Amino acid sequence: MKDYRFDNVYATKASYKEADMDEFRYNPLVEALPLPLGREETMQSLMVYPPYSESDRDRPYEWRMEATQRIISCHAPSHWDLDISTMVSRCMRWGYAKRNPLAKEYAATLAGNYNTLCDGSLNYHGGYHAAAQGFSIIGVSGVGKTTTVEAILQKYPQVIEHTVYEGIPFPVTQISWLKLDCPKDGSLKSLCIEFFGQVDLLVGTQYQKQNERRTTLDVMQIRMSQVCAHLNVGLLVIDEIQHLCASKKEASQAVLNFFVSLSNTIGVPVVLIGTPSALKLLRHEFQQAKRGSGQGSILWGRTEQKSPNWDL
């Protein structure tokens, strides 16, 4: 795949790989994604070594002290990396399985989204089957949750531009993933504004400017779901969800309910990342717990000493 520019934004021109599963076959959104890697290939692709040379030992003391900071860029993947990489792959592919732009249901869903804006409610209008399943990663601060997820996401081209598929004109933009940080005040409106801002940076739109003033939260949520459908967002990652605990109970539940609605109406899998303080929030509502663990939940604790991961 070769990078090129369109509308002053970098994107990746779609290169299709024939899918070997019936559910993914003839779905350009899936076939434009990189093929899943084997276990060893996955581990090697996520290994990050800092620059090093034997001659560095002969460098002056001051230089070597500066070079110790290079350890921050080092990443040795563990079994968590492998599990999360597999779960991210499943989320994206199966989330797109029922969202094939070549299927008649695609147009029906876009029409339903227009009706949603008119009637002012985020409801399921048919088209996509609500089969998207996300997962949650809960772990102590500094254990490597965000670093691991970001390393895995970087293996996927974030913006894919389609032009022709199987000889058929196919002018479609695909955002395979978006990662947002939950605002410290737990505000859903701030989260929506961040979403629009990131989309603007990726595809050159002006959604943030259109929505940050005199726009109600309900309209923001509807427009956010429309953007997800129109730009074929494959995965939405929400980090620092423990910040929801700082908001009022009703506000935090509203955010989680919105994530569930997004999965139900559009079919976008949602990955939630947070510290153990977010557990009480996720467990409070069974609906969120179920939707947040469709691919399985990860409780990432500190690495035990005298274990293979500790040795690694």
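The coordinates are above.
Residues numbered from 1 in each chain as written. Predicted model: local features only at pLDDT ≥ 70, side-chain atom pairs only at ≥ 80, totals over all residues. Heavy atoms only, no water.

Colleague: Teacher, can you tell me more about the overall build of the chain here?
Modeller: Along the backbone of the chain there are 13 helices and nine strands. Residues classed as buried in the chain amount to 46% of the 312 residues present. If you sum the accessible surface of the chain, you get close to 16600 Å²; carbon and sulfur atoms cover 52% of it. (Helix = DSSP H or I, 4+ residues; strand = E, 2+ residues; numbered from the N terminus. Buried < 20%, exposed > 50% of the residue type's maximum accessible area, 1.4 Å probe, protein only. Areas by Shrake-Rupley, 256 points an atom, 1.4 Å probe, with all protein chains shown as cover.)

Colleague: Could you clarify how one ought to interpret the packing of helix α2 (residues 39–46) against helix α4 (residues 79–97) in this entry?
Modeller: For any two helices packed against each other, one specifies the crossing angle of their axes together with the interaxial distance. Two numbers describe how α2 lies on α4: the axes approach to 10 Å, and their chain directions differ by 110 degrees. Our classification of the angle between α2 and α4 gives roughly perpendicular. Where α2 approaches α4, its residues R39, T42, M43 and L46 are matched on the opposing element by D81, L82 and S85. (Axes fitted to C-alpha atoms, helices over the stretch in contact; angles between N-to-C directions. Parallel < 35°, antiparallel > 145°, perpendicular 65-115°, else oblique. Contact = heavy atoms within 4.5 Å.)

Colleague: Sorry, what's going on with α4 here?
Modeller: Residues lying three or four places apart along an α-helix face the same way, a consequence of the helix completing one turn every 3.6 residues. Compared with an ideal rise of 1.5 Å per residue, which puts 19 residues at 27 Å, α4 spans 27 Å between its outermost C-alpha atoms and is within 8% of the ideal. Counting buried positions along α4 yields 14 of 19 residues, so the element is predominantly enclosed. (Expected span 1.5 Å × (residues − 1).)

Colleague: Looking at this model, I keep getting lost on the side chain of N27. Mind explaining?
Modeller: Positionally, N27 belongs in the loop between β2 (9–13) and α1 (28–31). Exposure remark for N27: the relative accessible area of 0% places this residue in the buried category. Look past the residues within four positions of N27 in its chain and what remains in contact with it is Y96, A97, R99, N100, P101 and Y165.

Colleague: Just checking my understanding: could you explain the pairing of strand β8 (residues 270–274) for this structure?
Modeller: Moving residue by residue along a regular strand, the side chains alternate between the two faces of the sheet. β8 sits mainly inside the fold: five of its five residues count as buried. Burial along β8 is two-sided: the face carrying V270, L272 and G274 and the face carrying V271 and I273 are both buried. Pairing geometry for strand β3 (residues 135–139) and β8, over four bridges, is parallel. If you follow I138 over to β8, its bridge partner there is G274. (Pairing = 2+ DSSP bridges.)

Colleague: Just to check I follow, could you spell out the pattern of salt bridges for this structure?
Modeller: Oppositely charged side chains can form a pair if their charged atoms are brought close together. Tallied over the full model, the rule gives seven salt bridges. R57 serves as the salt-bridge partner of E54, at 3.2 Å between the closest nitrogen and oxygen. E54 sits in the exposed class, given a relative accessible area of 53%. Its relative accessible area of 58% is what places R57 among the exposed residues. For D239, the salt bridge identified is with K179, shortest N-O distance 3.4 Å. Of this pair, D239 sits in strand β7 (residues 236–239) while K179 sits in strand β6 (residues 178–181), and the two are 60 residues apart along the sequence. (Salt bridge = Lys/Arg side-chain N within 4 Å of Asp/Glu carboxyl O.)

Colleague: Any chance you could explain the sheet that holds β6 here in plain terms?
Modeller: Either a parallel or an antiparallel arrangement is found when strands of a sheet pair, and the pairing is made through backbone hydrogen bonds. Strands sit in the order β6-β7-β8-β3-β9 across an open sheet of five strands; the sheet is parallel. Unpaired on one side and paired on the other, β6 and β9 (298–300) mark the two borders of the sheet. Between one strand axis and the next, the sheet turns through 15 degrees on average, direction left out of account. By the bridge criterion, three bridges tie β3 to β9 in an arrangement that is parallel. Bridging from a neighbouring strand, I137 pairs with I298 of β9. Contacting β6 and β7, helix α7 (residues 188–203) crosses the sheet at an angle of about 140 degrees to β6.

Colleague: What is the right way to look at the side chain of Q174 in this model?
Modeller: Along the chain, Q174 falls in strand β5 (residues 168–175). With relative accessibility at 0%, the residue Q174 sits in the buried group. Only 3.0 Å separates the side chain of Q174 from the backbone oxygen of L29, close enough to count as a polar contact. In contact with Q174, other than residues within four places in its own chain, are P28, L29, A32, L33, Y96, Q158, V159, I160, H162, L231 and N232. (Polar contact = N/O pair within 3.5 Å; in protein donor to acceptor, adjacent residues only side chain to side chain.)

Colleague: Even after reading the chapter, I still don't get the packing of α7 against helix α9 (residues 217–230), so can you show me in this structure?
Modeller: Direction vectors running N to C along α7 and α9 enclose 35 degrees, while the axes themselves pass 10 Å from each other. Of the two possible hands of crossing, α7 and α9 adopt the one that is left-handed. Packed against α7, whose contacting residues are L188, K189, C192, I193, F195, F196 and V199, the element α9 presents L217, M220, Q221, R223, M224, V227 and C228 at the interface. (Left-handed = near helix turned anticlockwise from the far one by under 90°.)

Colleague: Can you walk me through unusual backbone geometry in this structure?
Modeller: Trans is the prevailing form of peptide bonds, just as negative phi is the prevailing case for residues other than glycine. For N232, which is not glycine, the phi dihedral falls at a positive 50 degrees. Take N232: it is sitting in the loop between α9 and β7. The exposure class of N232 is buried, given its relative accessible area of 0%. A positive phi is found at E240, a non-glycine position, where the angle reads about 60 degrees. Positionally, E240 belongs in the loop between β7 and α10 (249–265).

Colleague: Could you clarify how one ought to interpret the pairing of strand β4 (residues 159–165) in this entry?
Modeller: When you tally the buried positions in β4, you get five out of seven residues, the bulk of the element. Direction of pairing for β4 relative to β5: antiparallel, over a ladder of six bridges. Considered in β5, the bridge of I160 is made with Q174.

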